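Listed below are the residues making up each chain.
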Amino acid sequence: MTDSKYFTTTKKGEIFELKAELNSDKKEKKKEAVKKVIASMTVGKDVSALFPDVVNCMQTDNLELKKLVYLYLMNYAKSQPDMAIMAVNTFVKDCEDPNPLIRALAVRTMGCIRVDKITEYLCEPLRKCLKDEDPYVRKTAAVCVAKLHDINAQLVEDQGFLDTLKDLISDSNPMVVANAVAALSEIAESHPSSNLLDLNPQSINKLLTALNECTEWGQIFILDCLANYTPKDDREAQSICERVTPRLSHANSAVVLSAVKVLMKFMEMLSKDLDYYGTLLKKLAPPLVTLLSAEPELQYVALRNINLIVQKRPEILKHEMKVFFVKYNDPIYVKLEKLDIMIRLASQANIAQVLAELKEYATEVDVDFVRKAVRAIGRCAIKVEQSAERCVSTLLDLIQTKVNYVVQEAIVVIKDIFRKYPNKYESVIATLCENLDSLDEPEARAAMIWIVGEYAERIDNADELLESFLEGFHDESTQVQLQLLTAIVKLFLKKPTETQELVQQVLSLATQDSDNPDLRDRGYIYWRLLSTDPVAAKEVVLAEKPLISEETDLIEPTLLDELICYIGTLASVYHKPPSAFVEGGRGVVHKSLPPRTASSESTESPETAPAGAPPGEQLDVIPTQGDLLGDLLNLDLGPPVSGPPLATSSVQMGAVDLLGGGLDSLIGAPNFVAPPAATVPANLGAPMGSGLSDLFDLTSGVGTLSGSYVAPKAVWLPAMKAKGLEISGTFTRQVGSISMDLQLTNKALQVMTDFAIQFNRNSFGLAPAAPLQVHAPLSPNQTVEISLPLNTVGSVMKMEPLNNLQVAVKNNIDVFYFSTLYPLHILFVEDGKMDRQMFLATWKDIPNENEAQFQIRDCPLNAEAVSSRLQSSNIFTVAKRNVEGQDMLYQSLKLTNGIWVLAELRVQPGNPSFTLSLKCRAPEVSQHVYQAYETILKN
């Protein structure tokens, strides 16, 4: 008979009976009684009264009975902490039992009893078990450390268990290694700042060796740990990829996704020219395809992950279109996800196949799926230009079916096709107009009205069509009302004589009879435009529209990179970073893909090139020496201005002396002209309000009223990417303080509140010095200007490019991410003037290979103007002399992190091209300093 009999009893007064049985002398009777107790506990009866009697049964050699008693203890120890202490002696004794199963059981149970009084007794047995000869006991003890850390973190650190756990990573048994990694990862997640998993090539090698031999869950822990490691170069990345690739053929889909995550992350570091890169792409496709033969729930998780992978590297699955074709018995959530991936993979090569499939889907019975299929045909037309004609004819065939919701979706997507390919497919407008009466959904009605207004000059009865909509104006949705207002104004501007009454009627309805502020505002704007300046009205309303982009629903690149690091987790299913749905501080560390190595091509897109970079010129990508800019900081032991001169290095300047007559002649040379004094005032660090003398101390070049150059505001986050919130901004440096000047515009229909801002770690530690203060709720169509003070004491991580800043802005609607490039001159500090001796010694001391030369063209300024303009941005002229008619300016500047940059600028009177030579102990910054020079001198 099975154990189910224990759950069927409903006797009254059995506690007393059980008490007697638990105290029986017969072992079998005791075991039966404990089983009955556990059964009662499982179905929710309170059997805590039997605590002392059950604890007495612990003193047994029978493993089954011991397990049952321990199970009872775990459940009731929290409610009876004083009684639980009675069991401590037995635990301690069991931790030294000759049977390894009992030792492991004891240490596991002690870890599960979350009672503070017991944890202090646990330390000694746990220490022994961590060094036990049996691997089963060691692997159990490793997990116990993580449990203990959760109860009392300080105790674990004081007892040195973390170091023992780190040692277990080098254990000979793969399961012990896996559990040690799992425990350390768990602890590290709750303490993101601690560098517990200090991975290096040696420990990575041990993990990879253990990977082949441990269980599937052990493999997942190890793979997730590998994904957090950044290889030092592409060779190491390739070597790890080669050893992880066999996991792709594992039967467990979680192992496969963890392996895919590691490979996707490390592929960033491989050059696309490598043969191995192509091989890896081919190897990644079959396991992803295999995941789609699992049950629907697993398929959905796989598809959500594939959606991310396809956005990052579409080439992996470009030949696998057929596996994403929908099956008749797929649940709707799988169908919709497959449809999305089909569009992402659509290309000229497979578009015929895709369109035939989509046309088939449009005749299905599931309304949601049909709508999505019709939209997908439109997206194909926009994405693959060669297919646009075929897509339009497919959509017309669908309109002829006269199925109401198919017609409406088709009209919505045809509007987008008109936007993408103006003056190409307008011949279909007549067919669309025939279906005007059947439209009852706001989006379809608005799309049709837009088409009529946009092409009014080609539609003979456009005024009648729009008038028919006007009859029920107040019953329409806001979307339709706004569209109708704009369409009739367009019609009036195209056919003024015939439509004067119509436009007056709609303006009156929108302004005098409407309660909607959006509609009223737009009505008044049009009314004033038309009454004051019809020519301007024409330019505004009939302006040429920008073409729509092919993929409007792509995930923002920095967010996509972060989500790739979370493949196989909930974040990859929600398509949101963990910080968006995990409450509290745990598990919200921002992850990012490793930077590409010098051998692989830059992924920098032309749009994100900084303003100072000449068009068409590729930015220098800094070779990765390590994650943090700490390497750079350690290199540049920038001398204090008043310190003794550095020892001159033995490197000779050689014949190619870019400084003309040699630097030595600078000091005390007869033809040398010193610039006006520019001493740094002693009270530089004082706050802005510490006296007007600072502000007007114009001779010092510090705190001058002019301030450093401020670039005009640019749009950093367009409204379409942030649910109606548009963010524009620029950076400024005034009297020693850096600020980010923001302009927030609400282009949504709802009020925005609860604003907050956060920066990701960046190269110079830029961070907000105060919260983002938006004092009143931001109403629709309202704009607010905010100056956010910044400091440079945030976390540091080398970015690519160096001046990249990743920003997250939160409001009551969502969290939005964007990245921007800040001009380096906001980091030039006010005490960046070196004395002449120091300049000479430092210039000689910096190796010649650290020197970079640049040309600044089209700058018609003389040496005096150049010097004064640069000084206002904290680039100080140390000395100036004239050599063979050329003005030579020797300049110094200092960054907020203490890096000094020395410059020689040659200005030839009458020649608008200057030569700039830069020397610095961290040559990575030279390119950005040059861009700062260009920006300051040309603006």
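Structure's up top.
Below or above, wherever it landed, is the structure these notes cover. (Residues numbered from 1 in each chain as written. Predicted model: local features only at pLDDT ≥ 70, side-chain atom pairs only at ≥ 80, totals over all residues. Heavy atoms only, no water.)

1. Some thoughts on the overall build of the protein chain
Right, on to step 1. When helices and strands are counted, the protein chain shows 37 helices and 14 strands.
Right, on to step 2. Taken across its 939 residues, the protein chain has 50% of its residues classed as buried.
Right, on to step 3. Accessible surface, the protein chain: about 42,600 Å² in total, of which carbon and sulfur atoms supply 52%. (Helix = DSSP H or I, 4+ residues; strand = E, 2+ residues; numbered from the N terminus. Buried < 20%, exposed > 50% of the residue type's maximum accessible area, 1.4 Å probe, protein only. Areas by Shrake-Rupley, 256 points an atom, 1.4 Å probe, with all protein chains shown as cover.)

2. Quick notes on the sheet that holds strand β7 (residues 783-791)
Right, on to step 1. The strand order across the open sheet built from 5 strands is β2-β3-β4-β7-β6, with neighbouring strands paired in antiparallel fashion. Each having just a single partner strand, β2 (714-717) and β6 (767-768) make up the two edges of the open sheet.
Right, on to step 2. The pairing of strand β3 (residues 725-734) with strand β4 (residues 737-746) spans 10 bridges and is classified as antiparallel. Paired with serine 728 across the two strands is glutamine 743, which belongs to β4. (Pairing = 2+ DSSP bridges.)

3. Notes on the pattern of salt bridges
Right, on to step 1. Within this structure, the stated rule accounts for 31 salt bridges.
Right, on to step 2. Of the charged contacts in the structure, one is a salt bridge between arginine 103 and aspartate 132, with a shortest N-O distance of 2.8 Å. Here arginine 103, found in helix α7 (residues 100-112), pairs with aspartate 132, found in the loop between α8 (116-130) and α9 (135-151); they are 29 residues apart in sequence, far enough to count as distant.
Right, on to step 3. Judged by its relative accessible area of 11%, aspartate 132 is buried.
Right, on to step 4. Between glutamate 457 and lysine 494 there is a salt bridge; the shortest N-O distance is 3.0 Å. Placement of the pair is glutamate 457 in the loop between α25 (442-454) and α26 (462-470) and lysine 494 in helix α27 (residues 478-494), with a sequence separation of 37 residues.
Right, on to step 5. Take lysine 494: its relative accessible area is 27%, and that puts it in the partly exposed class. (Salt bridge = Lys/Arg side-chain N within 4 Å of Asp/Glu carboxyl O.)

4. Quick look at the side chain of asparagine 179
Right, on to step 1. Within the secondary structure layout, asparagine 179 lies in helix α12 (residues 174-190).
Right, on to step 2. Only 3.0 Å separates the side chain of asparagine 179 from the backbone oxygen of lysine 139, close enough to count as a polar contact.
Right, on to step 3. Look past the residues within four positions of asparagine 179 in its chain and what remains in contact with it is Lys139, Thr140, Ala142 and Val143. (Polar contact = N/O pair within 3.5 Å; in protein donor to acceptor, adjacent residues only side chain to side chain. Contact = heavy atoms within 4.5 Å.)

5. Quick word on the nonpolar core
Right, on to step 1. Formed by 215 residues in total, the largest nonpolar core has its most connected members in Tyr72, Val244, Leu358 and Phe418.
Right, on to step 2. Formed by 63 residues, the second largest nonpolar core is a distinct cluster that contains Val809, Cys859, Val866 and Leu905. (Core = buried A, V, L, I, M, F, W, Y, C linked by side-chain atoms within 4.5 Å.)

6. Concerning the packing of α27 against helix α29 (residues 517-532)
Right, on to step 1. For the pair α27 and α29, interaxial distance at closest approach is 10 Å and the crossing angle is 10°. Regarding the angle of α27 to α29, the classification is roughly parallel. Counted together, Gln481, Leu482, Leu485, Thr486, Val489, Phe492 and Leu493 of α27 and Asp518, Leu519, Arg522, Gly523, Tyr526 and Leu530 of α29 form the full contact between these two elements. (Axes fitted to C-alpha atoms, helices over the stretch in contact; angles between N-to-C directions. Parallel < 35°, antiparallel > 145°, perpendicular 65-115°, else oblique.)

7. A few points about the packing of aromatic side chains
Right, on to step 1. Counted by the stated rule, this structure contains 12 aromatic pairs.
Right, on to step 2. A centroid spacing of 5.3 Å and a plane angle of 75° characterise the contact between phenylalanine 418 and tyrosine 455, whose relative ring orientation is edge-to-face. Highlighted residues: phenylalanine 418 in helix α23 (residues 404-420) and tyrosine 455 in the loop between α25 and α26, separated in sequence by 37 residues.
Right, on to step 3. Given a relative accessible area of 6%, tyrosine 455 falls into the buried group.
Right, on to step 4. Ring geometry for tryptophan 716 against phenylalanine 818: centres 6.1 Å apart, planes inclined by 25°, an arrangement best described as stacked. Placement of the pair is tryptophan 716 in strand β2 and phenylalanine 818 in strand β9 (residues 815-821), with a sequence separation of 102 residues.
Right, on to step 5. Taken together, the ring pairs connect Trp716, Phe731, Phe818 and Tyr822 into an aromatic cluster.
Right, on to step 6. Here the basic side chain of lysine 335 rests over the ring of phenylalanine 369, its NZ or CZ set 5.2 Å away from the ring centre. (Phe/Tyr/Trp six-rings, centres within 6.5 Å; stacked < 30°, edge-to-face > 60°. Lys NZ or Arg CZ within 6 Å of the ring centre and 35° of its normal.)

8. Concerning the sheet that holds strand β5 (residues 756-759)
Right, on to step 1. Ordered in space as β5-β8-β9, the 3 strands form an open sheet in which the pairing is antiparallel. A strand with exactly one partner marks an edge of an open sheet, and here the two such strands are β5 and β9. Along the sheet, successive strands turn relative to each other by an average axial angle of 25°, direction set aside.

9. Quick word on helix α17 (residues 275-291)
Right, on to step 1. Those residues of α17 lying buried are Tyr276, Tyr277, Leu280, Leu281, Leu284, Ala285, Pro287, Leu288 and Leu291.
Right, on to step 2. Against α15 (234-244), α16 (253-267) and α18 (296-312) lie the buried residues of α17.

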